[in-house]
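Letter by letter, the chains look like this.
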Amino acid sequence: MTSVPVTQSSAAAAAAETDGPFLQVEDLKVTFPTEDGPVTAVQGLSYSVEKGKTLGIVGESGSGKSVSSMAVMGLHDTKSAQISGSIRVGGTEVVGLSESRMRGLRGNAMAMIFQDALAALHPFYKIGAQLEEAYLVHHSSASKRDARRKAIEMLDRVGIPQPDRRVDDFPHQFSGGMRQRAMIAMGLINDPSLLIADEPTTALDVTVQAQILDLLQDLQREFNSAVIIITHDLGVIAEMADDVLVMYAGRCVEFGTTKQILTTPEMPYTWGLLSSVPDVSSSTDARLIPIPGNPPSLLRPPPGCSFHPRCVHADKVAGDLCSTQLPELLPASSGTAHLKRCHLPDPVAVYHDEVLPEIAPELLEETR
Amino acid sequence: MTQDPNARAEIEPTDIGANATETGERQLGSDVQDATAQHELSMGDLDFASVAELGHTAAELDPDAPAVLTVDNLKMYFPVKSSGVVRRTIGHVQAVDGISFEVPKGGSIGLVGESGCGKSTTGRLITRLYKPTGGSMMFEGNDLAKLSNKEMKPLRRDVQMIFQDPYTSLNPRHTVGTIVGAPLEVHKVVPKDKVLPRVQELLEVVGLNPEHYNRYPNEFSGGQRQRIGIARALTLNPKLLVADEPVSALDVSIQAQVINLLQDIQSEFDVAFLFIAHDLAIVRHFCPEIAVMYLGKIVEIGDRETIYGKPHHPYTQALLSAVPDVKQAAVGGRRERIRLEGDVPSPINPPSGCRFRTRCQFAQEICAKVEPPLLQIGKRHKVACHFAGELGAHPATPVTTDLLGVDDQGSPVPGAVPTNTQLTVPGYEKTWYDLTTKQTTGV
């Protein structure tokens, strides 16, 4: 599968991963104590990612996208954050794992790349030194020369020109796109089976973004890793992800394949996300319809469905169901793999008859 | 106070408070959020039809609108100094190098391009935060480029700016009332006791609660802060607003709210916009006319249908093909796209001839020798490329040779006279150069 010797922990992971998905998150709940009381940032979240597949997580800021992924990486302070539920990475239960064993996994079996590459790289150390450190930590028998060779190889792999010279540059000498590449190289230097990309291209120009997305896809194909991509750009999701998880106020509100979520969404929040971003190829008659209001405070989340105060379709649900009862995550009409958390009795008709004519009139004509 | 007081009634539906309580909106977080959010909502009883009506379709082009701003051959060179005690100038960053365009009255033009292409510098030149190195910017009979700072001051009320980052563009130690009212006091437009009513009126226009004038910026969310920035820009009834990435720092759902607000403001107060953004989809929605910049120059300019439908410049084509498309979900996989290799060259020492040639797949010898003129090739379409053509139909030989008096390799032809007269005209001519017939044609 890979060109370098498989290390112990990833070998163990490889043995366990043969049955079932590589990453399995079940009923995850993350609570932070604050001065104003406990804040539950993630609640009842379950998902799984198989090797070679990409999961996209979308949602507004504060919806728990990053908090849930940081829980997978074990990056929360265990003294303050309360994490319950189960996270299994290659068969290893991560919740409650000791810090020393967590270190063996982090950066080795799983790695994360961040949005702001300049903040994620150390400004005082050369790019090469930072890559070598990531390699040496998990390969105690390797020599410094091996590590340097590996660092140059990885820089070459992610498309940095003249890697043998650029390896001795400092992060500020790299352009934005090159820094992002260097960080991807650092994340992939130990051939992780799980890569979490948190807004990997948000700060980049479209042309550089396309290069980075290409790179991520090539590398995923090569290393057969499971990838989680966190973004608010639905276009990136459409081109990169196999499955999509839509999060709102710490909960999963819709889950399905990319095609299901983006062509036949059944949850008003997903409709809102789709209608509030214009598209480069959509009809100019399409309206830009925002989601009214702001995301709720997680300190005092709204009762019932947490989206109901902003939901423009709540009037179609009988009684006060939306404001009193939290909808279950139930299969949607387009397929068993498609789950949604909504009380609307006939979302397909509402989407097709009311929402689509306003946001994408040209799609409506195609389906007729 | 030239504003029509009835104007804002349309933006701001009444009796929100009562409805908001019923829909349980009071539970939205902290007290501040609670009070402001219901005002920002302005959505009445929250049914889809009424919310959808507040959303706008893409802005339309008014082809007959007169120009409010005419930019002609605008240049901005920043000196690069050597290190040491005697800091000699050793070169120039050619941030903006000879761009020409017009902003129609009450309309909007979009500037797009990669970071470092000079689009923000252009915005700062027009607001005269920088003094240009050369060129002219005609605004209502005054050349903004030539005026001294003192002469500029009365004109500043007509040209205002909305900044990208709502967190750094508001003074954290000033109240909203002070921030929005400051332009009134600087320009002494109204007596001191009339400042507050005007501030409250403006806050209402941008969808904030007018009673919050004595709050500080930190008490507002990102979208609300951007509204404060917009209110400040509107204070003096400007005729032209330069919006430099006004929504890129905001959350997706909030972006649409702000874009709709800007469209409301535009139709209500007849403000012209120079809209600078790197998000091609937002620009397409907001601007009926778009200019694409690369390394300090406009490489293609035209109306929305032309630029997004049949772009002729290889850079525009590459830029558009790189945008991820939501519609791809129905097909699966990645879209076919044009790969641009490498990074943007340094603007200190830009490539000779066409600046895009180092990354262009069609580049030939002529591109290094002769700079392509920004040639009008359609009714509202100009492109600067020797091999201009629709995607997949770029000509094999340069289309500009007859006009420039050069042969296919770019060497001057003896005796040939360059006929091109349209090199730096800011607007559009009635006649243009047809690429297929290589003749000047008209309507």
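Residues numbered from 1 in each chain as written. Chains lettered and ligands numbered in written order. Predicted model: local features only at pLDDT ≥ 70, side-chain atom pairs only at ≥ 80, totals over all residues.

What follows covers the overall build of chain B. Helix and strand counts for chain B come out as 16 helices and 14 strands. When burial is assessed residue by residue, chain B has 47% of its 443 residues classed as buried. Expressed as a percentage of contacts within chain B between residues at least 6 apart in sequence, the contacts between residues at least 24 apart total 65%. (Helix = DSSP H or I, 4+ residues; strand = E, 2+ residues; numbered from the N terminus. Buried ≥ 20, exposed ≤ 12 C-beta atoms within 10 Å, placed from the backbone. Contact = placed C-beta atoms within 7 Å.)

Let's shift gears to the overall build of chain A. Broken down by element type, chain A carries 15 helices and 12 strands. By the compact-globule yardstick of 21 Å for 368 residues, chain A fits well, its C-alpha radius of gyration being 22 Å. Once the C-alpha set of chain A is aligned to its principal axes, its extents read approximately 70 × 45 × 40 Å. Expressed as a percentage of the 368 residues in chain A, the buried residues total 52%. (Rg over C-alpha atoms; globule rule 2.2 N^0.38 Å.)

Here we come to the sheet that holds strand β7 (residues 194-198) of chain A. Residues and elements named next belong to chain A. The strand order across the open sheet formed by eight strands is β6-β7-β8-β3-β9-β10-β12-β11, and the pairing between neighbours is mixed. In this open sheet, the two strands that pair with only one neighbour each are β6 (110-113) and β11 (330-332). Each strand of the sheet is rotated relative to its neighbour by a mean of 25 degrees, with strand direction disregarded. As judged from the six bridges shared by strand β9 (residues 243-248) and strand β10 (residues 251-257), these two strands associate in the antiparallel manner. Looking at β10, one finds that Leu245 is bridged to Phe255. In this fold helix α8 (residues 176-188) packs onto β6 and β7, with an angle of close to 170 degrees to the strand it touches most, β6. (Pairing = 2+ DSSP bridges. Axes fitted to C-alpha atoms, helices over the stretch in contact; angles between N-to-C directions.)

We now examine the confidence of the model for chain B. All names here are of chain B. Scored by pLDDT, chain B has a mean of 83; 88% of the residues are at 70 or more. For residues 1-44, every residue scores under 50 in pLDDT, and the model assigns this stretch 80 contacts once sequence neighbours within four places are set aside. With a pTM of 0.85, the predicted complex shows an ipTM of 0.83. (pLDDT = per-residue confidence, 0-100.)

Turning our attention to α8(A). All names here are of chain A. In this model, α8 (13 residues) spans 19 Å end to end at C-alpha, consistent with the 18 Å of a helix rising 1.5 Å per residue. Among the residues of α8, Gly177, Met178, Arg179, Gln180, Arg181, Ala182, Met183, Ile184, Ala185, Met186, Gly187 and Leu188 are the ones counted as buried. Where the residues of α8 are buried, they touch β6, α4 (117-120), α5 (127-138), α6 (144-157), β7 and α9 (206-223). (Expected span 1.5 Å × (residues − 1).)

For the rest of this paragraph, the subject is the pairing of strand β10 (residues 297-303) of chain B. Residue and element names in this part refer to chain B. The buried count for β10 comes to six of seven residues, which makes it a mostly enclosed element. Here strand β9 (residues 289-294) hands over to β10 after two residues, with Leu295 in that stretch at a positive phi of 50 degrees. Strand direction decides the pairing type here: β10 and strand β12 (residues 381-383), joined by three bridges, are antiparallel. If you follow Gly302 over to β12, its bridge partner there is His381.

Residue and element names in this part refer to chain A. Taken in spatial order, the four strands line up as β2-β1-β4-β5 in an open sheet, and their pairing is antiparallel. Unpaired on one side and paired on the other, β2 (37-49) and β5 (92-93) mark the two borders of the sheet. Bridge count for strand β4 (residues 82-89) against β5 is two bridges, and the pairing is antiparallel. Residue pairing across strands places Val89 opposite Thr92, the latter belonging to β5. Of the strands in this sheet, β1 (23-34), β2 and β4 touch helix α2 (residues 65-73), which is tilted by about 110 degrees from β1.

For interface size, the figure often reported is the accessible area lost on association. With 57 residues of chain B in contact, the opposing surface of chain A contributes 52 residues. Going through the elements one at a time, α3 (31-41), α4 (48-54), α10 (252-269), α11 (280-286), α13 (314-321) and α14 (328-331) of chain B are the ones with two or more residues in the side of chain B that touches chain A. With seven residues, α10(B) is the single largest residue contributor to the side of chain B that touches chain A. For the side of chain B that touches chain A, the residue count by class is 26 nonpolar, 19 polar and 12 charged. (Nonpolar A, V, L, I, M, F, W, Y, C, P; charged D, E, K, R; others polar.)

All names here are of chain A. Along its sequence, chain A is carved into domain 1 (8-241) and domain 2 (262-367). Across the contact, 11 residues belong to domain 1 and seven residues belong to domain 2. Elements supplying a minimum of two residues to the side of domain 1 that touches domain 2: β2 and α10 (234-240). If one sorts the elements of the side of domain 1 that touches domain 2 by residue count, β2 sits on top with four residues. (Domains from an automatic or database assignment.)

This brings us to the environment of Lys379(B). Residue and element names in this part refer to chain B. You can see Lys379 is positioned in the loop between β11 (375-378) and β12. Classification of Lys379 by C-beta neighbours within 10 Å gives partly exposed; the count is 16. Along the primary structure Lys379 and Tyr428 are separated by 49 residues, whereas in three dimensions their C-alpha atoms are 7.4 Å apart.

All names here are of chain A. Most of β9 is tucked away, with six of its six residues classed as buried. Residues of β9 alternate between two faces, with Asp243, Leu245 and Met247 on one and Val244, Val246 and Tyr248 on the opposite face, all of them buried. Summarising the sheet, strand β3 (residues 54-58) and β9 pair through four bridges and their orientation is parallel. Its bridge partner lying in β9, Ile57 is registered against Leu245. Linkage of β9 to β10, two consecutive antiparallel strands, is achieved through a turn of two residues, within which Ala249 is found at a positive phi near 50 degrees.

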